[in-house]
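# Structure assessment
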Amino acid sequence: MYKSFFGFQQAPFDKGIDSSMLFQSEAYKEVLARLDYLKTTRGFGLITGDPGVGKTSSLRVFADSLNPSLYKVMYFPMSSGTTMDFYRGLAFSLGEQPKFRKVELFFQIQNAITDLYDKRRITPVFILDEMQSATAQFLHDLSIIFNFDMDKRNPFILILTGLPTLANRLALNQNRSLDQRLVTRFHFSPLTPDEVRDYIKHRFKHAGVSRNLINENAYEAISSSTGGYPRLVGNLVTQCLILAFQKQTDLIDEEIVFAASAEAGI
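I will try to describe carefully the structure that is included in this document.

## What to know about the overall build of the protein
The helix and strand tally for the protein stands at 12 helices and 5 strands. If you line up the protein on its principal axes, its C-alpha atoms span 65 × 40 × 30 Å. Within the protein, the proportion of its 266 residues that are buried is 47%. Excluding contacts between residues fewer than 6 apart, the proportion of contacts in the protein whose partners are at least 24 apart in sequence is 74%. Entry remark: accessible area of the protein is about 13,200 Å², with carbon and sulfur atoms responsible for 50%. For the protein, the distance from the average position of its 29 positive side-chain charges to the average position of its 28 negative side-chain charges is 8 Å.

## What about the pattern of salt bridges?
All told, the structure shown has 11 salt bridges when counted by the stated rule. Arginine 34 serves as the salt-bridge partner of glutamate 30, at 2.6 Å between the closest nitrogen and oxygen. Residue glutamate 30 and its partner arginine 34 are both found in helix α2 (residues 26–41); the two are separated by 4 residues, about one turn of the helix. Since its relative accessible area comes to 29%, arginine 34 is described here as partly exposed.

## A short note on helix α12 (residues 254–264)
Among all positions of α12, only Ile256, Val257, Ala260 and Ser261 are buried. Seen end-on, α12 carries its buried residues on one side only, within an arc spanning 135°. Residues of α12 that are exposed and point more than 90 degrees away from the buried face comprise Glu255, Ala262 and Glu263. Residues of α12 that are buried make contact with α10 (216–226) and α11 (230–247).

## What about the side chain of arginine 181?
In this structure, arginine 181 sits in the loop between α8 (176–179) and β5 (182–187). What makes arginine 181 buried here is its relative accessible area of 15%. Non-local contacts of arginine 181, meaning those with residues more than four positions away in its chain, are made with Phe44, Ser143, Phe146, Asn147, Asp151, Asn154 and Phe156.

## Concerning the pairing of strand β1 (residues 43–48)
Walk down a regular strand and you will see the side chains alternate between the two sheet faces. For β1, the buried fraction is high: 6 of the 6 residues fall into the buried class. Pairing analysis gives 6 bridges linking β1 to strand β4 (residues 157–162), with the strands arranged parallel. Bridged to isoleucine 47 within β4 is threonine 161. Pairing geometry for β1 and β5, over 5 bridges, is parallel. Across the sheet, residue isoleucine 47 finds its bridge partner in β5, namely phenylalanine 186.

## So, the environment of methionine 84
Of note, methionine 84 is situated in helix α4 (residues 83–93). Overall, methionine 84 belongs to the partly exposed group, its relative accessible area being 21%. For the pair methionine 84 and arginine 101, spaced 17 residues apart in sequence, the C-alpha separation works out to 9.5 Å. Among residues more than four places away in sequence, those in contact with methionine 84 are Phe100, Lys102 and Leu105.

## Remarks on the sheet that holds strand β2 (residues 71–77)
Sheet strands line up and pair through hydrogen bonds in the backbone, either parallel or antiparallel. Here we have 5 strands laid out as an open sheet, ordered β2-β3-β4-β1-β5, and parallel in their pairing. The two strands at the open ends of the sheet, each matched to only one other strand, are β2 and β5. Neighbouring strand axes in the sheet, compared pairwise and without regard to direction, differ in orientation by 15° on average. Relative to the sheet, α2 contacts β1, β2, β4 and β5, its axis offset from that of β5 by approximately 170°. On the sheet, helix α3 (residues 55–65) packs against β1, β2, β3 (123–129) and β4 and is oriented at approximately 165° with respect to β4.

What counts, and where the lines are drawn
- Residues numbered from 1 in each chain as written.
- Predicted model: local features only at pLDDT ≥ 70, side-chain atom pairs only at ≥ 80, totals over all residues.
- Heavy atoms only, no water.
- Helix = DSSP H or I, 4+ residues; strand = E, 2+ residues; numbered from the N terminus.
- Buried < 20%, exposed > 50% of the residue type's maximum accessible area, 1.4 Å probe, protein only.
- Contact = heavy atoms within 4.5 Å.
- Areas by Shrake-Rupley, 256 points an atom, 1.4 Å probe, with all protein chains shown as cover.
- Lys, Arg positive; Asp, Glu negative; His and termini not counted.
- Charge placed at Lys NZ, Arg CZ, Asp CG, Glu CD.
- Salt bridge = Lys/Arg side-chain N within 4 Å of Asp/Glu carboxyl O.
- Arc of directions from axis to C-beta.
- Pairing = 2+ DSSP bridges.
- Axes fitted to C-alpha atoms, helices over the stretch in contact; angles between N-to-C directions.

Structural measurements only, silent on function.
So this is what it looks like as structure tokens:
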């Protein structure tokens with residue numbers, strides 16, 4: 001369809017793009033620097049941001065950069081199952097047959113982490129996603145499970161990620177102990193207007209098209225309509241390409257952007 005019309009070798013905003021080809025916005029470079037610091041210090045980290053801003057993509061890049069002989073990465077979305085399901089999944093991912101009682105399960109998880117770090121020289125890396133939906137009890141439990149030798153050391157990396165409300169929840173008195181243990185924290189901002197333009201050109205280039213397909217006013221309209229959120233930018237520009245193909249024009253202007261925005265509900 002539109003791919004052959006414009007000369008793309010693949011869909012420019014395909015989710016399956018290799019992590020090494022992701023666009024390096026200022027926020028992207030900063031969050032990777034924070035995660036690299038966390039890799040050195042170990043312990044707790046916090047990443048927040050609105051949906052579609054690039055949190056998951058950045059975490060995927062970080063996870064892919066870790067040597068599997070030195071790090072064991074485990075990803076858990078908080079939205080799936082109950083908290084006990086999460087604890088059992090944590091134990092299972094560490095190679096354990098989960099216990100049934102909560103207190104035994106906690107000791108089992110701690111022992112497995114200690115064994116992995118001290119005996120096998122492997123740092124477990126836990127990425128807990130959608131944490132804005134976690135209960136207060138669960139946040140409290142994290143402080144207990146990941147407390148080693150009376151909080152003298154951190155034989156793990158644990159990254160909490162979620163919507164901006166997560167940071168507000170951690171600031172509450174009941175979660176203050178967990179909040180104070182954060183080694184690093186970062187709030188993901190959307191792309192700037194200039195970065196929106198560069199992001200689109202970057203994705204076009206890696207899809208096989210280097211020539212300009214969008215005029216300046218259209219870039220401004222895309223940035224304004226999407227607020228700079230990469231996921232929305234990708235959805236809108238894809239709709240623009242489809243409409244431009246239907247019109248048999250090889251240049252996207254602001255009128256096409258407005259029409260695509262209405263069709264895509266952006």
